[in-house]
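Fold and contact review
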Amino acid sequence: MTKEIDLYQLIYESNLESRLEQILIGLIKDSPSPQIEEAIRKFLLFVQHASENFWVTFHDSKTYQERLECYYQFSKNQCLATEVLIRDLDSISSALDIKENLSSMLREGFTF
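Residues numbered from 1 in each chain as written. Predicted model: local features only at pLDDT ≥ 70, side-chain atom pairs only at ≥ 80, totals over all residues. Heavy atoms only, no water.

**Looking at the overall build of the protein**
The number of helices and strands found in the protein is five helices and zero strands. In sequence order, the secondary structure elements of the protein are arranged as α-α-α-α-α. Within the protein, buried positions represent 35% of all 112 residues. Intrachain contacts of the protein at a sequence separation of at least 6 include 62% that bridge at least 24 residues. Roughly 7,600 Å² of accessible area belongs to the protein as shown, and the carbon and sulfur atoms make up 55% of that amount. (Helix = DSSP H or I, 4+ residues; strand = E, 2+ residues; numbered from the N terminus. Buried < 20%, exposed > 50% of the residue type's maximum accessible area, 1.4 Å probe, protein only. Contact = heavy atoms within 4.5 Å. Areas by Shrake-Rupley, 256 points an atom, 1.4 Å probe, with all protein chains shown as cover.)

Shown next, in the form of structure tokens:
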């Protein structure tokens, strides 16, 4: 149970968009598995790293154009992390029988 709480805390502390938080929490609740939890942890680590890089680059930016470019790169990195998560979950899903809805759930939650 402690690992679950820790993962929920990591999701909360990652400051993700609320729809993505809901998807990840729902995934953990509906398909509890160490493999899924590990894939989510890997995703959250990537997002945390991208966020840290964003702030470092943002504070070094001198113009609003540079800041917008920084945000654009951050958005691309977050999309890449989501694609990697989808791929990881797809490889896990054949054994866990969740493949049908997973990719569409994550894509719908991250459409902007």
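**Thoughts on the side chain of Glu21**
Mapped onto the elements, Glu21 comes out in helix α2 (residues 18-30). Buried and unpaired, Glu21 has Arg19 as its nearest opposite-charge partner, separated by 11 Å. The contact partners of Glu21, leaving out residues within four places of it in the chain, are Ile11, Tyr12, Asn15 and Leu16. (Lys, Arg positive; Asp, Glu negative; His and termini not counted. Salt bridge = Lys/Arg side-chain N within 4 Å of Asp/Glu carboxyl O.)

**Section: the nonpolar core**
Proteins that are soluble and globular tend to have nonpolar side chains buried together. Within the largest apolar cluster, 17 residues are counted, with the highest numbers of intra-cluster contacts made by Leu16, Leu24, Ile40, Phe43 and Leu44. Breaking this core down by element, the ones donating at least two residues are α1 (2-13), α2, α3 (34-60) and α4 (64-96). For Phe43, the contacting residues outside a window of four places in its chain are Leu16, Leu20, Leu24, Ala81, Thr82 and Leu85. (Core = buried A, V, L, I, M, F, W, Y, C linked by side-chain atoms within 4.5 Å.)

**A closer look at the pattern of salt bridges**
In total, this model carries two salt bridges according to the counting rule given. A salt bridge links Arg19 to Glu17; its shortest N-O distance comes to 3.0 Å. What makes Glu17 partly exposed here is its relative accessible area of 34%. Its salt-bridge partner being Asp88, residue Lys42 comes within 3.1 Å of it at the nearest N-O pair. With Lys42 in helix α3 and Asp88 in helix α4, this residue pair connects regions lying 46 residues apart in the sequence. Under the relative-accessibility criterion, Lys42 is labelled partly exposed at 45%.

**Structural notes on the side chain of Ser61**
Along the chain, Ser61 falls in the loop between α3 and α4. A polar side-chain atom of Ser61 sits 2.8 Å from the main-chain carbonyl oxygen of Thr57. Among all residues touching Ser61, those that are not within four sequence positions of it are Glu66 and Arg67. (Polar contact = N/O pair within 3.5 Å; in protein donor to acceptor, adjacent residues only side chain to side chain.)

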